[in-house]
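Structure at a glance
One letter stands for each residue in the lines below.
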Amino acid sequence: MTTLVSDTAALLERCHDAARHEGPAPALAALADGVLPGLLPCGPGGHAVVAAPTHAGAHALWLDGARRPLDPARTKIRAELDLPGGRVVLLDTGHAAPADRDAGAGAEPREVYGLGLVWLRLGLAQALRAACFTRLAHRRVGDSTLLQQQLVKGTVADVLAEHLEIQAVLSGARPGDLSPGMLDHLHGRITAADREQVRLLGAAGYLTDSPGLTAYVSELLAEAYAAAKEAP
Amino acid sequence: MTHLDDRLLILRGQIREWGAQVRPLALEIDRDPEAVRHHFALPAVRHLATMGVPEEYGHEPEKIGGHRFYGVSALERAVVMEELACADVGTLVASPGPLLAGVAVGLCADDRQKRWFYGRVLAEPLWTCFALTEPEGGSDAAAMRTSLTSTPDGGALLSGEKRYVGNACRAQLGVVFARARPGPLGITAVLVDTAEPGFDARPLDMIGLRGARISSVVMDRMPIPEDRFLGRHLTATRRGVWAFVQTFNVLRPGVAAIAVGIARAALEYVAEHRSTLSGAERERYEELVRRVDATRHLVHHAAAAVDARGTDGHLASAAKLRAARLAEDVTLAAAAFFGPGARLSHPFLDKLARDARAMEFLEGTGNMQRLNLFQGLLGGKVDRDRRRVPADA
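This is a predicted model, so every value here is computed, not measured.

Notes on the overall build of chain A
Across its full length, chain A holds 7 helices and 8 strands. Against the 2.2 N^0.38 benchmark of 17 Å for 232 residues, chain A shows a C-alpha radius of gyration of 18 Å, consistent with a compact globule. Oriented by its inertia axes, the alpha-carbon framework of chain A measures out at about 65 × 40 × 40 Å. Carbon and sulfur atoms make up 54% of the accessible area of chain A, which totals about 10100 Å². Side chains of chain A give 21 positive and 26 negative charges; the mean places of these two sets differ by 4 Å.

So this is what it looks like as structure tokens:
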């Protein structure tokens, strides 16, 4: 079990807070700067979802624990999205993580980064909840608001219960405490709850300048950094 | 992650051991809930019989690993409930003890009332009941019809009907909610001795959780002495509705823990009876284990929250909501590991699936919990403790 140094707890909290109150880019930047300064954090398939300054300032790849030189010729920028808090870049570096990456010192940063990503996505999900709440509280239906409709209340409560459970699992967990399977499970729960929330926004949640876009990026974060599954 | 301290881990280990003696009773208690009377000597049943009686009222439970456990904290009860529900939820709910009524007494009774109630509970194993729900209005306090009519000696006559009250048909003591006067502050709770004239309770035939002997109750001009009014030393706002809201807040993590225990029992059954699983089955099984683990964290978090502040019930509602659904989902998913007709071939699995359904309405339906949660969110309670994480490691 990894020992939690005090600044790791502070980093996770900063990451969660930034995601919740500022947006994905500041949170991703805080996580990358705190765990992998100067590197481009990539998942096992060589994909990255990072803040624009992290991409611009990287001098090497970090492939799920292994360092490799940058290879601009193979790197494809899939999208650059302007979201609340700043620009996020979606990349495919064309390099998959090597199979022997656990041999080096890659495990600990991977554990911190992996845990940080779940905290980060929870923060984004909570921000989405606040955005939905505000919008639904102002949308009128008859002589009431959408928020006061029983079905809407029920959905809001289900999402809240989901968030509270995820937070209960994360609270106090140190890097390495939660298995990759559990982190994957939490990502799946966040994605499912986000989709429930976005549905509450109707077509408005489908606009690129809506919270729906942040939810989309949040899903891709889980996609890019998912633990590699063993072959069946 | 709410970590259990060493003390609670010791308790969990002991209860798990005691639970192994209870598991073989599962189908017997399901068939005949009164059969529990033959098993009062089991350590698990003995533990439940006094769980919740504070030390200062003469409770001296046997030491476990050098510690005494009084069952007065929601977190401790959650640990016990999960383990015994996993062993057999029927025996857990069939066992005598002060549980729901005891929590209400702990929150609202004056010292004399506590001495009377706890004294009776410590003297012999006896059942208690907590009668709130009514046939027409459920647990809606505004619609409560059971009445207390004052008598010249300062007491009252209790009349009305209650429904879905666990163990009422065999309870010797109870806490009954009734209306003493109109208005929201007119609800009060009284302690009843069911041997007094005017109390009649009969078991309802339920599909599952049969050990609980869920009953209907009719009270006809039952004399209630003045000193049996619960919380008579408290202000009117601290009795009645406040009392049952608080009681439910404190109890809900325990009910949620029961649901987690049922889900775990189903998974243990799969592990025991399906020694080899295919790759896809193994993945499905492990995902269910993760769901159980995640919900347990929420249950423990909720229990710790109500222990710290009894008014913080929104987490308990979230835990109850999640755990009840978990129990239903996992018991059905467990049956799917055994192919067509599994619940007919495996009566224990069928019992778990039947028992799990009760988790939906016990201590408030899922929709009630959703409304509680929504109100918690609207009232700004939900994020009050946000700054405590994740730095509380």
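Further notes follow.
Things to note about the pattern of salt bridges
Residues and elements named next belong to chain B. Taken as a whole, this structure holds 39 salt bridges over all chains when the rule is applied. Here aspartate 110 and arginine 232 are joined by a salt bridge, their closest N and O atoms 3.0 Å apart. Of this pair, aspartate 110 sits in the loop between α5 (99-108) and α6 (111-123) while arginine 232 sits in the loop between β7 (215-224) and α7 (241-273), and the two are 122 residues apart along the sequence. Among the residues examined, aspartate 110 registers a relative accessible area of 11% and is labelled buried.

Concerning the sheet that holds strand β2 (residues 47-51) of chain A
All names here are of chain A. Ordered by their spatial adjacency, 3 strands build an open sheet running β2-β6-β5, and the pairing between neighbours is antiparallel. At either margin of the open sheet sits one strand with a lone partner, and together these are β2 and β5 (76-83). Averaged over all pairs of adjacent strands, the angle between strand axes in this sheet comes to 15 degrees, irrespective of strand direction. Its contacts with the sheet put helix α7 (residues 211-225) on β2, β5 and β6 (86-92), and the angle it makes with β2 is roughly 135 degrees.

What to know about the interface of chain A and chain B
In many analyses, interface size is given as the accessible surface area lost on bringing the parts together. The interface is formed by 36 residues belonging to chain A together with 33 residues belonging to chain B. Taken together, both faces of the contact between chain A and chain B bury some 3100 Å²; the carbon and sulfur share is 63%. Joining chain A to chain B, the criterion identifies 3 salt bridges. The element best represented in the side of chain A that touches chain B is helix α5 (residues 150-170) of chain A, accounting for 15 residues. Taken together, the residues that form the side of chain A that touches chain B break down as 17 nonpolar, 9 polar and 10 charged.

Observations regarding the pairing of strand β4 (residues 66-69) of chain A
Residues and elements named next belong to chain A. Pairing analysis gives 4 bridges linking strand β3 (residues 60-63) to β4, with the strands arranged antiparallel. Its bridge partner lying in β4, alanine 60 is registered against proline 69. Where β3 folds back onto β4 in an antiparallel hairpin, the turn is made up of 2 residues, including aspartate 64, whose phi is positive at roughly 50 degrees.

A look at the UniProt feature "domain: Acyl-CoA dehydrogenase/oxidase C-terminal" (unreviewed entry) in chain B
In the numbering used here, UniProt assigns the feature "domain: Acyl-CoA dehydrogenase/oxidase C-terminal" (unreviewed entry) to residues 239-377 of chain B. Across residues 239-377 of chain B, the secondary structure splits into 81% helix and 0% strand, with the terminal C-alpha atoms separated by 25 Å.

Considerations on the sheet that holds strand β1 (residues 39-42) of chain A
Residue and element names in this part refer to chain A. If you trace the 3 strands from one edge of the open sheet to the other, you get β1-β3-β4, paired in mixed fashion. Unpaired on one side and paired on the other, β1 and β4 mark the two borders of the sheet. Neighbour to neighbour, the strand axes of the sheet diverge by 30 degrees on average, direction disregarded.

A look at the environment of histidine 301 of chain B
Mapped onto the fold, histidine 301 of chain B is located in helix α8 (residues 279-308). Separated by 15 residues in sequence, histidine 301 of chain B and alanine 316 of chain B place their C-alpha atoms 8.6 Å apart.

Some thoughts on the environment of glycine 208 of chain B
Residue and element names in this part refer to chain B. Looking at the secondary structure, you find glycine 208 in the loop between β6 (199-203) and β7. Separated by 118 residues in the primary sequence, glycine 208 and glycine 90 place their C-alpha atoms 8.8 Å from one another. The residues contacting glycine 208, other than those within four sequence positions of it, are Arg354 and Asp355.

Thoughts on the packing of α5 of chain A against α8 of chain B
Two elements in contact, α5 of chain A and α8 of chain B, have axes whose closest approach is 8 Å; the angle formed by their N-to-C orientations is 90 degrees. Between α5 of chain A and α8 of chain B, the crossing angle belongs to the class labelled roughly perpendicular. In this structure, α5 of chain A uses Ala161, Leu164, Glu165, Ala168 and Val169 of chain A to contact α8 of chain B, whose residues at the interface are Arg291, Ala294, Thr295, His297, Leu298 and His301 of chain B. Here the contact of α5 of chain A with α8 of chain B is composed, by residue class, of 6 nonpolar, 3 polar and 2 charged.

Procedures and definitions
- Residues numbered from 1 in each chain as written.
- Chains lettered and ligands numbered in written order.
- Predicted model: local features only at pLDDT ≥ 70, side-chain atom pairs only at ≥ 80, totals over all residues.
- Heavy atoms only, no water.
- Helix = DSSP H or I, 4+ residues; strand = E, 2+ residues; numbered from the N terminus.
- Rg over C-alpha atoms; globule rule 2.2 N^0.38 Å.
- Areas by Shrake-Rupley, 256 points an atom, 1.4 Å probe, with all protein chains shown as cover.
- Lys, Arg positive; Asp, Glu negative; His and termini not counted.
- Charge placed at Lys NZ, Arg CZ, Asp CG, Glu CD.
- Salt bridge = Lys/Arg side-chain N within 4 Å of Asp/Glu carboxyl O.
- Buried < 20%, exposed > 50% of the residue type's maximum accessible area, 1.4 Å probe, protein only.
- Pairing = 2+ DSSP bridges.
- Axes fitted to C-alpha atoms, helices over the stretch in contact; angles between N-to-C directions.
- Contact = heavy atoms within 4.5 Å.
- Buried area = accessible area lost by both parts, 1.4 Å probe.
- Nonpolar A, V, L, I, M, F, W, Y, C, P; charged D, E, K, R; others polar.
- UniProt positions renumbered as here; feature names shortened; annotations may be inferred.
- Parallel < 35°, antiparallel > 145°, perpendicular 65-115°, else oblique.

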